[in-house]
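# Structural overview
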Amino acid sequence: MLIDAHRILGRQPAGQHVFDDEASLLADMDTAGIDEAFVTRSRQLLLDPRDEAHYHDDPPLLPPRIKEMPAFMPGHPGLDDARINALIDGFAILRCATWPGLEPVTASTATLWRRLADAGVAVAVDVERFGWDSLERLVDQFPGLKVLALATGYRNVARIVSLARAAETVWFETATLISAGTVEWLVDQIGAHRLVFGTGAPYRDSAGPAFLLRHAEISDDDRAAIAASNLRRLVEGS
Amino acid sequence: MIIDIHGHIGTWPVFFIPEPSDEWLVRTNRRVGIVSCGVSHLLAIGFDTERGNRLAVEAARKWDGELGVWLVANPTRPEELPHLEELIDDPLVWGFKFHSDVHETPLSSPAYEPYIELAKEHDVPVLAHGQADTQYSGLERFDAVATRHPELKLIVGHSGLWPEGFSRAAQLAAGHEHVHLDTSGSRITGRDLQRLVHGAGHEKVLFGSDAIFLDQRHAVGMATHAPLQDAERRAVLHDNAQRLLRRRTRSS
């Protein structure tokens with residue numbers, strides 16, 4: 001079983017990197033040998049959250065292979081209690097959307113983060129956009145919050161180890177852990193239980209990280225944990 | 001059976017590479033079907049050209065053709081040219097590696113001319129770092145060099161590196177008989193590779209991994225699952241490199 005924790009579906013302003021519909025997304029997953037994926041709609045990362053109202057008649061994403069990971073934007077003035085309640089009630093993992101200049105971890109967003117931590121909802125953050133400093137601040141200030149760090153970058157493995165040792169409730173997605181031998185090295189340093197398979201498709205290739213994981217020199221138990229069971233535990237809370 | 005046109009050994013003083021050795025590179029290559037890989041030593045690119053080049057040749061000698069060598073040419077150190085003249089005829093050497101961004105010298109600068117002339121004289125390719133958004137290795141620099149030296153075998157490392165450069169890289173290769181592209185880079189997808197192959201021609205694209213800077217298993221997974229015809233994939237993974245190198249690789 002291979003579950004992709006990091007996928008985007010839908011239009012992009014500039015065309016080439018896109019799965020417009022679920023059929024093309026499923027075809028790409030089949031090519032890479034990926035069984036299930038947690039998927040965020042592109043508009044929830046690209047638009048002002050108020051524009052979601054224009055899409056109220058969109059059908060839900062198709063389970064069981066595609067599982068929705070809706071986005072929220074901390075600090076956006078339109079993020080009200082009703083929306084937060086609906087997300088907490090409906091989903092076990094959410095994706096954090098950010099805008100340039102909109103700092104996600106501030107005194108004014110503390111209540112939101114605390115509510116998510118108290119509810120046991122996991123939050124996926126794209127570190128390329130969220131920023132390492134914000135991630136470290138988030139983990140430090142909200143120690144109970146379950147955080148899945150996406151796209152940490154292959155140049156930051158030392159920082160991953162440092163953060164993993166400082167906080168038990170952070171997991172790291174593998175899509176960008178692609179410097180030579182990084183997966184094996186991180187398994188040795190922080191344990192396979194802290195890694196979660198993901199691709200970042202369609203912005204990044206999906207077959208590459210799947211092939212890498214299949215050919216990693218780690219135990220079958222560690223491979224299975226990274227491929228699926230760590231993420232399942234993260235979202236099911238067991 | 002895969003030939004990897006773009007590899008490295010050694011450490012890089014910007015971030016931590018867990019597995020910088022030739023031993024790890026070759027062992028992992030064998031696990032995923034890479035029979036031969038051309039490497040430059042990162043020490044040669046960044047800090048000490050001659051020592052790094054000699055280390056690369058020394059490492060390649062251990063592996064019976066599973067490693068070839070790209071000799072790094074640093075245009076800011078013309079006094080180092082003699083060691084390149086000494087090493088260029090070693091059968092383990094595949095050609096020259098240019099990294100104009102690290103050396104802060106435009107690829108089309110006259111400072112590269114002695115190395116280009118040496119490459120032409122010995123009929124070996126030049127693998128040059130190609131990064132679409134920089135003043136040193138942007139694709140217009142490759143166009144200028146290829147126009148000035150139409151017989152030079154020139155490989156655009158990373159095909160421009162960023163997705164926004166891929167279509168221009170494909171046009172560039174399609175427009176110059178001896179310009180090739182390589183697939184290495186962290187951002188290329190299987191669909192990007194398909195566009196490169198269709199834009200440049202399947203005979204113009206070479207598999208590259210950028211290992212050990214990157215992990216070659218990621219690159220192999222991308223290229224072996226990309227939406228290509230079988231003949232296109234064979235050309236990219238193996239045949240084009242073998243034809244271009246005409247030197248000793250393990251599969252030749």
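See the structure printed just above.
It should be emphasised that the depicted structure is a prediction, and the values quoted were computed from it without experimental measurement.

Grouped together as the largest cluster of nonpolar side chains are 140 residues, with contacts concentrated most on Trp 113, Leu 116 and Leu 135 of chain A together with Phe 98 of chain B. Ignoring sequence-local partners within four residues, the contact set of Phe 98 of chain B consists of Ala 73, Leu 107, Tyr 112, Tyr 115, Ile 116, Val 126, Leu 127, Ala 128 and His 129 of chain B. Ile 3, Ala 122, Leu 148 and Leu 231 of chain A belong to the second largest nonpolar core, which has 15 residues in total.

On to the pattern of salt bridges. Residue and element names in this part refer to chain A. Under the definition given, this model contains 37 salt bridges over all chains. A salt bridge links Glu 36 to Lys 67; the nearest nitrogen and oxygen atoms lie 3.5 Å apart. Placement of Glu 36 in strand E2 (residues 36-41) and of Lys 67 in strand E3 (residues 66-68) is noted, with a sequence separation of 31 residues between them. In this structure Lys 67 comes out as partly exposed when scored by relative accessible area, which is 26%. Residue Arg 129 is joined to Asp 126 by a salt bridge in which the shortest nitrogen-to-oxygen separation is 3.9 Å. A residue is classified by how much of its surface remains accessible, and Asp 126, at 9% relative accessible area, is buried.

Applying the stated criterion to the full structure yields 3 cavities of 30 Å³ or more. Within this model, the largest cavity holds a volume of roughly 80 Å³. Contributing to the lining of the largest cavity are Ile 178 of chain A together with Thr 183, Ser 184, Gly 185, Ile 188, Gly 208, Ser 209, Leu 214, Asp 215, His 218, Ala 219 and Met 222 of chain B. Partitioning the lining of the largest cavity into residue classes produces 5 nonpolar, 6 polar and 1 charged. Taken as a whole, the second largest cavity holds about 60 Å³ of empty space. Looking at the second largest cavity, the residues that line it are Thr 174, Ala 175, Leu 177, Ile 178, Val 183, Phe 197, Pro 209, Leu 212 and Leu 213 of chain A together with His 218 of chain B. Examining the composition of the lining of the second largest cavity, we find that 3 residues originate from one element, helix H9 (residues 207-214) of chain A, more than from any other. A per-class count over the lining of the second largest cavity returns 8 nonpolar, 2 polar and no charged.

The partner chain A presents 30 residues to the 30 residues of chain B that form the contact. The three residues of chain B that bury the most area against chain A are Arg 191, Arg 217 and His 218 of chain B, which together make up 23% of that side's buried surface. At the surface where chain B touches chain A, the tally comes to 3 salt bridges. Our count for the contact surface shared by chain B and chain A stands at 10 residue pairs in polar contact (both at pLDDT 80 or more). Listed by contribution, the elements that provide at least two residues to the side of chain B that touches chain A are helix H1 (22-32), helix H8 (190-200) and helix H9 (216-225) of chain B. Counting residues per element, the side of chain B that touches chain A draws most heavily on H9 of chain B, at 6 residues. In terms of residue class, the side of chain B that touches chain A is built from 14 nonpolar, 7 polar and 9 charged.

Turning our attention to unusual backbone geometry. For residues besides glycine, phi is generally negative; the peptide bonds are generally trans as well. For the peptide bond that leads from Ala 201 of chain A to Pro 202 of chain A, omega is 10 degrees, which places it in the cis range. Within the element layout of this structure, Pro 202 of chain A appears in the loop between strand E9 (195-196) and H9. Positive phi, close to 55 degrees, is recorded for Ser 159 of chain B, a residue that is not glycine. Relative to the helices and strands, Ser 159 of chain B is located in strand E6 (residues 154-160).

Analysis parameters
- Residues numbered from 1 in each chain as written.
- Chains lettered and ligands numbered in written order.
- Predicted model: local features only at pLDDT ≥ 70, side-chain atom pairs only at ≥ 80, totals over all residues.
- Heavy atoms only, no water.
- Core = buried A, V, L, I, M, F, W, Y, C linked by side-chain atoms within 4.5 Å.
- Buried < 20%, exposed > 50% of the residue type's maximum accessible area, 1.4 Å probe, protein only.
- Contact = heavy atoms within 4.5 Å.
- Salt bridge = Lys/Arg side-chain N within 4 Å of Asp/Glu carboxyl O.
- Helix = DSSP H or I, 4+ residues; strand = E, 2+ residues; numbered from the N terminus.
- 1 Å grid on protein atoms, 1.4 Å probe; cavity = no way out; pocket = protein on both sides within 12 Å on 5 of 7 lines; lining within 4 Å.
- Points joined across faces, edges and corners; volume = space filled by probe spheres on them.
- Nonpolar A, V, L, I, M, F, W, Y, C, P; charged D, E, K, R; others polar.
- Buried area = accessible area lost by both parts, 1.4 Å probe.
- Polar contact = N/O pair within 3.5 Å; in protein donor to acceptor, adjacent residues only side chain to side chain.

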